[in-house]
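Close look at the chain arrangement
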Amino acid sequence: AQFGFGALAQEMLQDAEERIVHLQADVRSGGEQYALVAGRQFIQASGKAFVKRVDTQYRGMLDRAMQTMYTDLRVSIHQISADNLSLIDDETVNHQLEVDRLVLRMRDADDEHLRRLNLIIGKMHGDHEARERENPFRPYLMARTIHQVLHDMVPDEDIRKRLFPL
């Protein structure tokens, strides 16, 4: 998974650039044309750095997921108090919504194999139910990695959303 995800990120960039080239012929509005040109320039100028950062970020998240699978570190409902609650800002909510949309797209791309992998991971831990949350290779980690790296590399929210509508 550690080596494969970096290769998939590289392939994703190549596919995106090919799609941009095909879309540029049909685009008429200036804003859309700008976004396509900027997207292609980002891929050409920062593609290698993007793949390297995706690889590094995913490795860290995968290591953490391997350590915490089938270990519930969340606070139980009986332990919740005003002392351990906090408010979250709009940016955090938007960030999570964008990641969730990407997770759904990834999950829909190959739901059958994901369910099978969830079952295999569960059985390895003596659980006969498929729980995606316990799968260290779940789409959430991949989606969060891609989203976070794009957020870090393209800090301007308006440009990021035009270039990469997640």
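These notes cover the structure that comes with them. Model, not experiment: these values are computed from the prediction.

1. Side note on the overall build of the protein chain
- When you go through the protein chain residue by residue, the secondary structure sums to six helices and zero strands.
- Listed N to C, the secondary structure of the protein chain is α-α-α-α-α-α in terms of helices and strands.
- Judged by the C-alpha coordinates and their principal axes, the protein chain covers about 55 × 40 × 25 Å.
- Here the protein chain, with 166 residues, has 33% of them falling under the buried criterion.
- In the protein chain, 71% of the contacts between residues at least 6 apart in sequence involve partners at least 24 apart.
- Split by element, the accessible area of the protein chain, about 11200 Å² in all, is 53% carbon and sulfur.

2. Overview of the side chain of His147
- Along the chain, His147 falls in helix H5 (residues 139-153).
- Overall, His147 belongs to the buried group, its relative accessible area being 2%.
- Here Glu98 takes part through its side chain, which lies 2.5 Å from a polar atom of the side chain of His147.

3. Some words on helix H3 (residues 90-109)
- Taking 1.5 Å as the rise per residue, H3 with 20 residues should run 28 Å; its terminal C-alpha atoms sit 29 Å apart, in good agreement.
- Taken residue by residue, H3 has His95, Glu98, Val99, Leu102 and Val103 as its buried positions. The arc that holds every buried residue of H3, seen down its axis, measures 140°, which confines them to one face. In H3, the exposed residues that point more than 90 degrees away from the buried face are Asp90 and Asp108.

4. Comments concerning a nonpolar patch on the surface
- Taken together, the side chains of Ile77, Ile80 and Leu85 present a nonpolar region at the surface, about 320 Å² in accessible area.
- Mapping Ile77 onto the fold places it in the loop between helix H2 (30-68) and H3.

5. Focus on the pattern of salt bridges
- In the structure shown here, the tally under the stated rule is five salt bridges.
- Arg59 serves as the salt-bridge partner of Asp55, at 3.1 Å between the closest nitrogen and oxygen. Here the residue Asp55 and the residue Arg59 both occupy positions in helix H2, the gap between them amounting to four residues, near one helical turn.
- A salt bridge links Asp111 to Arg115, with the shortest nitrogen-to-oxygen separation between them at 2.9 Å. With Asp111 and Arg115 both in helix H4 (residues 111-124), this residue pair falls four residues apart, about one helical turn.
- For Asp111, a relative accessible area of 29% translates into the label partly exposed.
- The class for Arg115 is partly exposed, based on a relative accessible area of 47%.

6. Quick notes on the nonpolar core
- Ranked by internal contacts, the top residues of the largest apolar core, which has 26 residues, are Phe5, Phe42, Phe50, Val54, Tyr58 and Met153.
- For this core, the secondary structure elements donating two or more residues are helix H1 (2-24), H2, H3 and H5.
- The contact partners of Tyr58, leaving out residues within four places of it in the chain, are Ala1, Phe5, Pro136, Phe137, Leu141, Met142 and Thr145.

7. Observations regarding the environment of Arg116
- Note on placement: Arg116 falls in helix H4.
- We classify Arg116 as partly exposed; its relative accessible area is 43%.
- Taking the C-alpha atoms as reference points, Arg116 and Ala130, 14 residues apart in sequence, are found 8.0 Å from one another.

8. Observations regarding the packing of H3 against H5
- Two elements in contact, H3 and H5, have axes whose closest approach is 8 Å; the angle formed by their N-to-C orientations is 130°. Relative to H5, the element H3 lies oblique. In this structure, the crossing between H3 and H5 has a hand that is right-handed. Between H3 and H5, the residues in contact are Glu91, His95, Gln96, Glu98, Val99, Leu102, Val103, Met106 and Arg107 and Pro139, Tyr140, Met142, Ala143, Arg144, Ile146, His147, Gln148 and His151, respectively.

Criteria and cut-off values
Residues numbered from 1 in each chain as written. Predicted model: local features only at pLDDT ≥ 70, side-chain atom pairs only at ≥ 80, totals over all residues. Heavy atoms only, no water. Helix = DSSP H or I, 4+ residues; strand = E, 2+ residues; numbered from the N terminus. Buried < 20%, exposed > 50% of the residue type's maximum accessible area, 1.4 Å probe, protein only. Contact = heavy atoms within 4.5 Å. Areas by Shrake-Rupley, 256 points an atom, 1.4 Å probe, with all protein chains shown as cover. Polar contact = N/O pair within 3.5 Å; in protein donor to acceptor, adjacent residues only side chain to side chain. Expected span 1.5 Å × (residues − 1). Arc of directions from axis to C-beta. Patch = residues over 30% accessible without salt bridge, like charges linked within 9 Å, V, L, I, M, F, W, Y side chains within 5 Å. Salt bridge = Lys/Arg side-chain N within 4 Å of Asp/Glu carboxyl O. Core = buried A, V, L, I, M, F, W, Y, C linked by side-chain atoms within 4.5 Å. Axes fitted to C-alpha atoms, helices over the stretch in contact; angles between N-to-C directions. Parallel < 35°, antiparallel > 145°, perpendicular 65-115°, else oblique. Left-handed = near helix turned anticlockwise from the far one by under 90°.

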